[in-house]
Amino acid sequence: MIRVLSLNLQHCLPGAGAEHDSGTASLAGADITSPAAARTVLEALAAQIAALAPDVVALQEVDMRQKRSGGLDQAGELAHLLGWEHHRFAAAWAGPVVGMRRRPLRSPLERAWDDVLAPVHLIKGRGPAGFGNAILSRLPVRSWHVRRLGRGPATLSRRGERAWSPRSYHLETSTARTMLAARIDVPGHGGVDSITVASTHLATRTGMAARQLAAAWAALTTLPGPRLLAGDLNMGPGGVAATGVARPLGDGPTFPAWAPRERIDHLLTDPWPMGADGMPALGARASSEAPGAPLLRAVAWGTRAFVVSDHVGAWADLEPVP
């Protein structure tokens, strides 16, 4: 059995989960622009994640060296606190939250040269800042894969009935989206030796999110199965089902954290035709798979509030169906 957790971090801003937990209530108003405060919040989050005991954590809205979150490498810090060797951050964009965002040359942003403004970072003596997705794994990772999902069109809207001027219009641009995938070793799990897990965060506009989900799943199917796509898809179960690309695992609302009423954070896996017993019907294997390729099913699932975020996390215990 493998436990996977998906969580939109909201750059580790303390949220409703901090306010409603006596153990973290003191962190509810923490100013995470302070590196010390930001690290304290990460320590509390790591303790909560460890208590849930996942094998893999898929994260979204992760900061890398942003001033608003203490300049920390959030994915790296969390992995260190958990004692996990295998982790990776993948930037959707490089640059500060407020300022000139740009496409990273390499998504990890580990070195100055991963960003086009490398000379600036070398002068300042620090790596580039960014924002994106991450995966942390207790289990060994064979390979990492990144897929860009686009950003959608910009929109130009007029402000009221003012006479024409440049200030009478508002230009709204969309955030770039990516998917990070990891092929993870899972020895001794029902004859399956690896599983491919991906983390993504899709557009807030439903139509664009649906196109990005289709592109993400198409890219994921080029990697070995069984597969799991986790993340904040910004769509409810009906919107996800309408795309017809994958099978949902688990249920329960995940947003907003203070009174969850919508499930927009999902765990999706390879589809199967369902028999009356809830197991794959005869001929369920996709034609692209090798004969007898395994699928996944959830044997337990739930949601969990954490010290950070305006989302609650979604988790599931998975086992292969040979």
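Because the structure is predicted, anything quoted here is derived from the model rather than measured.

**Student:** Account for the overall build of the protein, with residues named and values stated.
**Tutor:** When helices and strands are tallied, the protein shows six helices and 14 strands. Expressed as a percentage of its 322 residues, the buried residues of the protein come to 52%. Put simply, 68% of the contacts in the protein that link residues at least 6 apart link residues at least 24 apart. Working note: accessible area of the protein is about 14,300 Å², and carbon and sulfur atoms make up 55% of it.

**Student:** Explain the confidence of the model for the protein residue by residue, including any values.
**Tutor:** As a note on interpretation, predicted positions should not be read in detail where pLDDT is low. Of all residues in the protein, 86% have pLDDT values of 70 or greater, and the mean over the chain is 89. Here residues 282–291 scores under 50 on pLDDT; set against residues more than four positions off or in separate chains, the count is 12 contacts.

**Student:** How would you sum up helix α5 (residues 206–220)? Please name residues and give values.
**Tutor:** Taking 1.5 Å per residue as the helical rise, α5 with its 15 residues ought to reach 21 Å, and the 21 Å between its terminal C-alpha atoms agrees with that figure. Within the sequence span of α5, burial applies to Met-208, Ala-209, Gln-212, Leu-213, Ala-216, Trp-217, Ala-219 and Leu-220. All buried residues of α5 fall inside an arc of 165 degrees around its axis, so they share one side.

**Student:** A description of the packing of helix α2 (residues 35–52) against helix α3 (residues 74–82) should follow, citing residues and the corresponding values.
**Tutor:** Packing of α2 against α3 leaves a shortest axis separation of 9 Å and a crossing angle of 55 degrees. Taken together, α2 and α3 sit at an angle that is classed as oblique. In this structure, the crossing between α2 and α3 has a hand that is right-handed. Two secondary-structure elements touch here, α2 through Arg-39, Leu-42, Glu-43, Leu-45, Ala-46, Ile-49 and Ala-50 and α3 through Gln-74, Glu-77, Leu-78, Leu-81 and Leu-82.

**Student:** Give me the lowdown on the packing of aromatic side chains, citing residues and values where you can.
**Tutor:** Across all of its chains, the model carries one aromatic pair by this definition. Plain terms: the ring middles of Trp-93 and Phe-131 are 5.3 Å apart, the flat faces sit at 25 degrees to each other, and that makes the pair stacked. On the criterion of sequence distance, the pair formed by Trp-93 in strand β3 (residues 86–94) and Phe-131 in strand β4 (residues 130–137) is long-range, its members being 38 residues apart. The exposure class of Trp-93 is buried, given its relative accessible area of 5%. For Phe-131, a relative accessible area of 12% gives the class buried.

**Student:** Before we move on, could you go through the pairing of strand β12 (residues 265–269) and cite the residues and values that matter?
**Tutor:** Counting buried positions over the five residues of β12 gives five, a clear majority of the element. Taking every second residue as pointing to the same face, both faces of β12 are buried, with Asp-265, Leu-267 and Thr-269 on one and His-266 and Leu-268 on the other. Inspection of the sheet shows strand β10 (residues 227–232) paired to β12 by five bridges, in the antiparallel sense. The residue bridging Ala-230 from the neighbouring strand is Leu-267, located in β12.

**Student:** An account of the pairing of β10 is needed here, citing residue identities and associated values.
**Tutor:** Counting buried residues along β10, six of its six residues qualify, which places the element largely inside the surrounding structure. Bridge count between strand β9 (residues 192–201) and β10: six bridges; the pairing is parallel. Following the sheet pairing, Thr-200 is matched in β10 by Gly-231. The β-α-β motif built from β9, the intervening α5 and the parallel element β10 has right-handed crossover chirality.

**Student:** Which residues make up unusual backbone geometry, and what are the values?
**Tutor:** Look at the link from Gly-225 to Pro-226: it is a cis peptide, with omega at -5 degrees. Structurally, Pro-226 can be placed in the loop between α5 and β10. Geometrically, the link from Phe-255 to Pro-256 is a cis peptide bond, its omega value of -10 degrees lying close to zero. For Pro-256, the location among the structural elements is in the loop between β11 (247–248) and β12. Look at Ser-309: it is not a glycine, yet its phi comes out positive at around 90 degrees. On the secondary structure map, Ser-309 appears in the loop between β13 (295–304) and β14 (313–321). The buried category is assigned to Ser-309, whose relative accessible area is 1%.

Procedures and definitions
Every residue gets a number counted from 1 within its own chain, in the order that chain's sequence is written. It should be noted that, the model being predicted, local features are given only for residues of pLDDT at least 70 and side-chain atom pairs only at 80 or more, the latter also being counted only at that level, while totals for whole chains, interfaces and linings use all residues. For the side-chain quantities, the full set of heavy atoms in the structure was used; hydrogens and water were omitted. The helix and strand labels rest on DSSP assignments: H or I over at least four residues marks a helix, E over at least two residues marks a strand, and numbering proceeds from the N terminus. Each residue is placed in one exposure class: buried if its accessible area under a 1.4 Å probe, protein chains only, is under 20% of its type's maximum, exposed if it is over 50%, and partly exposed if it falls in between. Contact between two residues is taken to exist if any of their heavy atoms lie within 4.5 Å; hydrogens are not considered. For accessible areas, the Shrake-Rupley method is used with a probe of radius 1.4 Å. Any residue's cover is judged against the shown protein chains and nothing else. For every residue, the predictor reports its confidence as pLDDT, a number between 0 and 100. Helix span, as expected, comes to 1.5 Å for every residue beyond the first. Summarising the geometry, the arc corresponds to the directions from the helix axis toward the C-beta atoms. A fitted line through C-alpha atoms serves as each axis, taken over the contacting stretch for helices, and the angle formed by two N-to-C directions is quoted from 0 to 180°. Roughly parallel refers to an angle under 35 degrees, roughly antiparallel to one over 145, roughly perpendicular to one between 65 and 115, and oblique to any angle outside these ranges. It is the rotation of the near helix from the far one that decides the hand of a crossing: anticlockwise by less than a right angle makes it left-handed, clockwise makes it right-handed. Centres within 6.5 Å are what make two rings of Phe, Tyr or Trp a pair, Trp counting through its six-membered ring; a difference in plane orientation under 30 degrees is then read as stacked, over 60 as edge-to-face, and the rest as tilted. The pairing criterion is simple: DSSP has to find at least two bridges between the two strands. If the strands point away from the viewer and the path from the first strand over the helix to the second runs clockwise, then the crossover is right-handed.

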